[in-house]
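Examination of the molecular architecture
Now for the letters of each chain:
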Amino acid sequence: MFGSVGDWNELFSQAYKALKPGGFLECAEHSVAPVSDDNTVGPDHVYTRYGTIMTDLGRKRGKEFDVWSRLKE
């Protein structure tokens, strides 16, 4: 859903209100920017540039493409 939600706090607030007692909410978002533990995908890699561009464009539109990093909160 990344890139389509303008207010994640409001989305989660509404979702929690709709849950039945004992219910749970699961959300799994992924990153548009690659991560490599061996540095094979560096800052100049096409996918890294793509991720940066998508994240910046999303922010300009009031949307988030990096919400995955804060979902645990």
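Structure: above.
Basis of the calculations
Residues numbered from 1 in each chain as written. Predicted model: local features only at pLDDT ≥ 70, side-chain atom pairs only at ≥ 80, totals over all residues. Heavy atoms only, no water. Helix = DSSP H or I, 4+ residues; strand = E, 2+ residues; numbered from the N terminus. Rg over C-alpha atoms; globule rule 2.2 N^0.38 Å. Buried < 20%, exposed > 50% of the residue type's maximum accessible area, 1.4 Å probe, protein only. Expected span 1.5 Å × (residues − 1). Phe/Tyr/Trp six-rings, centres within 6.5 Å; stacked < 30°, edge-to-face > 60°. Salt bridge = Lys/Arg side-chain N within 4 Å of Asp/Glu carboxyl O. Lys, Arg positive; Asp, Glu negative; His and termini not counted. Contact = heavy atoms within 4.5 Å. Patch = residues over 30% accessible without salt bridge, like charges linked within 9 Å, V, L, I, M, F, W, Y side chains within 5 Å. Areas by Shrake-Rupley, 256 points an atom, 1.4 Å probe, with all protein chains shown as cover.

Some words on the overall build of the protein
The secondary structure content of the protein amounts to 2 helices and 0 strands. Against the globule reference of 11 Å for 73 residues, the protein gives a C-alpha radius of gyration of 15 Å, more extended than a compact globule. Expressed along its principal axes, the backbone C-alpha trace of the protein runs to roughly 50 × 30 × 15 Å. In the protein, which comprises 73 residues, the share counted as buried stands at 21%.

Examining unusual backbone geometry
Phi at Asn39 is positive, roughly 65°, even though this residue is not glycine. Residue placement: Asn39 occurs in the loop between α1 (8–18) and α2 (46–60).

Quick word on α2
The end-to-end C-alpha distance of α2 is 21 Å, a good match for the 21 Å that 15 residues give at a rise of 1.5 Å each. Phi turns positive one or two residues past the end of α2, at Gly62, with a value near 80°.

Quick notes on the packing of aromatic side chains
A complete count under the given rule lists 1 aromatic pair for this structure. Ring geometry for Trp8 versus Phe12: centroids 5.9 Å apart, planes at 40°, classification tilted. One end of the pair, Trp8, and the other, Phe12, are both in helix α1, 4 residues apart, so they sit about a helical turn from each other. Residue classification places Phe12 among the buried residues on the basis of a relative accessible area of 18%.

Observations concerning the pattern of salt bridges
Enumeration over the complete set of coordinates arrives at 1 salt bridge. The partner of Arg59 in a salt bridge is Asp66, with the nearest N and O atoms 2.6 Å apart. We classify Asp66 as buried; its relative accessible area is 18%.

Observations regarding the side chain of Lys63
Within the secondary structure layout, Lys63 lies in the segment after α2. Despite its burial, Lys63 remains without a salt bridge, the nearest opposite charge being carried by Glu64 at 9.7 Å. Ignoring sequence-local partners within four residues, the contact set of Lys63 consists of Gly3, Ser4, Val5, Gly6 and Gly58.

Observations regarding a nonpolar patch on the surface
On the surface, Val46, Tyr47 and Tyr50 cluster together to form a nonpolar patch covering roughly 340 Å² of accessible area. Here Val46 falls in the partly exposed class, since its relative accessible area comes to 47%.

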